[in-house]
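# A structural walkthrough
Listed here are the chains, written in short residue letters.
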Amino acid sequence: MIPLPGLAPSDQASFEHRGLSDADFARFSALILERTGIKLTPSKRTHIEGKLRKRAATLGLGSVADYSRMLFEGGGLASELDILIHLATTNKTDFFRERAHFDILEKTILPALLKMRPKGATPRLKVWSAAASNGAEAFTIAMVLAEAARRGPRFDFAILGTDVSSEMIAEARRAIYPAVMTAPVPAPLQRRYFMRGRGSGNPTMVRVVPELRRRVRFSQVNLVAETLPVDRDVDVIFLRNVLIYFAPSTQKAVVRRLAEHLRPSGYLILGHTEATIGTRMGFEQIGTGVFRVT
């Protein structure tokens with residue numbers, strides 16, 4: 001470890017003892033890789049250590065080293081695993097993030113899906129937000145589809161949002177967000193699909209309206225698991241901005257596994273920075289990161 005300026009040798013040794021050692025970072029990284037497929041690079045070490053330090057303080061432990069011993073030597077791993085996974089995952093998300101994908105969903109994918117359905121009965125579409133984080137992506141999909149259904153033609157839809165973090169799933173189910181987070185949502189949709197705090201309520205927070213919440217179900221799912229508890233007739237899968245955290249071999253395995261849950265000629269949507277993954281796998285590309293899987 002590089003000596004810290006201004007610290008005597010004895011203080012330096014004390015600091016290293018309190019911090020995240022090379023051995024503990026290696027153990028923590030191996031655990032996260034095994035359980036989630038996420039590869040923690042050395043560049044993330046300081047960020048992860050900060051999170052672990054806060055968790056140690058919450059538990060009344062004196063240092064990250066004490067927390068590591070509790071996890072790996074004191075039998076605390078089972079009770080802390082969900083929290084560790086949450087600490088290791090990146091949960092950046094926004095409503096209408098990478099807006100072009102939602103334009104393609106509305107203007108290209110939806111008409112194509114409805115055209116394939118038998119005439120007469122009301123079609124029911126299934127969409128899976130596979131790395132849902134706090135639910136913003138899933139509720140954006142719901143808004144887009146609800147608006148399309150209002151205009152016609154008539155159809156029904158259901159959305160599944162999944163994430164490896166149980167904390168994110170709990171947040172998504174609450175469907176309560178800072179009002180400033182809805183800034184990317186067009187004003188008419190904000191008025192129609194969000195309730196604002198009134199009276200003694202908190203005016204800085206909003207909640208998704210019940211009629212939209214009923215369309216979306218959230219569940220904790222680990223995308224690197226051998227089997228996934230998801231229907232195999234999904235019409236569209238959003239798998240955006242999560243593959244970049246996986247090793248290349250894991251990326252391919254996850255994409256192949258999820259593609260098996262699409263109905264024939266279903267659609268897979270990857271993040272803009274992940275588009276080349278779908279291209280290399282030979283899927284038919286209809287837009288940046290948007291593929292039709294036959």
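Residues numbered from 1 in each chain as written. Predicted model: local features only at pLDDT ≥ 70, side-chain atom pairs only at ≥ 80, totals over all residues. Heavy atoms only, no water.

In terms of nonpolar packing, the biggest core is built from 46 residues, with Phe-95, Ile-109, Met-143 and Val-236 touching the most fellow members. Counting residues per element, this core draws most heavily on helix α7 (residues 136-151), at 10 residues. Sequence-distant contacts of Phe-95, defined by excluding residues within four places in its chain, comprise Ala-136, Phe-139, Thr-140, Met-143, Tyr-177, Met-181, Thr-182, Pro-184, Val-185 and Phe-194. The next biggest cluster of nonpolar side chains, apart from the first, holds 43 residues, and it includes Leu-20, Leu-31, Trp-128 and Leu-223. (Core = buried A, V, L, I, M, F, W, Y, C linked by side-chain atoms within 4.5 Å. Buried < 20%, exposed > 50% of the residue type's maximum accessible area, 1.4 Å probe, protein only. Helix = DSSP H or I, 4+ residues; strand = E, 2+ residues; numbered from the N terminus. Contact = heavy atoms within 4.5 Å.)

With that settled, consider the UniProt feature "binding site: S-adenosyl-L-methionine" (unreviewed entry) in the chain. Under the UniProt annotation, "binding site: S-adenosyl-L-methionine" (unreviewed entry) lies at Asn-91, Thr-93, Arg-97, Glu-137, Asp-163, Asn-222, Leu-223, Arg-240 and Asn-241. Its location among the elements puts Asp-163 in strand β2 (residues 156-163). Relative accessible area serves as the criterion here: at 9%, Asp-163 is assigned to the buried category. Beyond its immediate stretch of four places on either side in the chain, Asp-163 contacts Asn-91, Ala-130, Ala-131, Ala-132, Ser-133, Met-168, Ile-169, Ser-219, Gln-220 and Val-221. At 2.9 Å, the side chain of Asp-163 and the backbone nitrogen of Ser-133 are in polar contact. By the element assignment, Asn-241 lies in the loop between β7 (234-239) and α11 (248-259). Residue Asn-241 is classed as buried on the basis of its relative accessible area, which comes to 16%. Contact partners of Asn-241, with chain neighbours within four places excluded, come to Arg-97, Glu-98, Gly-271, Thr-273 and Glu-274. (UniProt positions renumbered as here; feature names shortened; annotations may be inferred. Polar contact = N/O pair within 3.5 Å; in protein donor to acceptor, adjacent residues only side chain to side chain.)

Scanning the model with the defined rule gives eight aromatic pairs in all. With a centroid separation of 5.6 Å and an interplanar angle of 20°, the aromatic rings of Phe-102 and Phe-238 are classed as stacked. Taken together, the residues Phe-102 in helix α6 (residues 100-116) and Phe-238 in strand β7 connect sequence positions 136 residues apart. Comparing Phe-102 with Phe-238, the two get one shared label, buried. Measuring from centroid to centroid gives 6.3 Å for Phe-283 and Phe-291, while their planes differ by 65°, and the two rings are edge-to-face. In this structure an aromatic cluster arises from ring pairing among Phe-95, Phe-139, Tyr-177, Phe-194 and Phe-218. Lying across the ring of Phe-157, Arg-215 places its NZ or CZ 4.4 Å from the centre. (Phe/Tyr/Trp six-rings, centres within 6.5 Å; stacked < 30°, edge-to-face > 60°. Lys NZ or Arg CZ within 6 Å of the ring centre and 35° of its normal.)

Turning to the pairing of strand β5 (residues 205-208), a few remarks are in order. Two faces belong to every sheet, and in a regular strand the side chains alternate between them. Going residue by residue along β5, you find Val-206 and Val-208 tucked away on one face and Met-205 and Arg-207 left uncovered on the opposite face. Here strand β3 (residues 176-178) pairs with β5 via three bridges, running antiparallel. In the strand pairing of β5, Ile-176 is matched with Arg-207. As paired elements, strand β4 (residues 194-196) and β5 share three bridges and run antiparallel to each other. (Pairing = 2+ DSSP bridges.)

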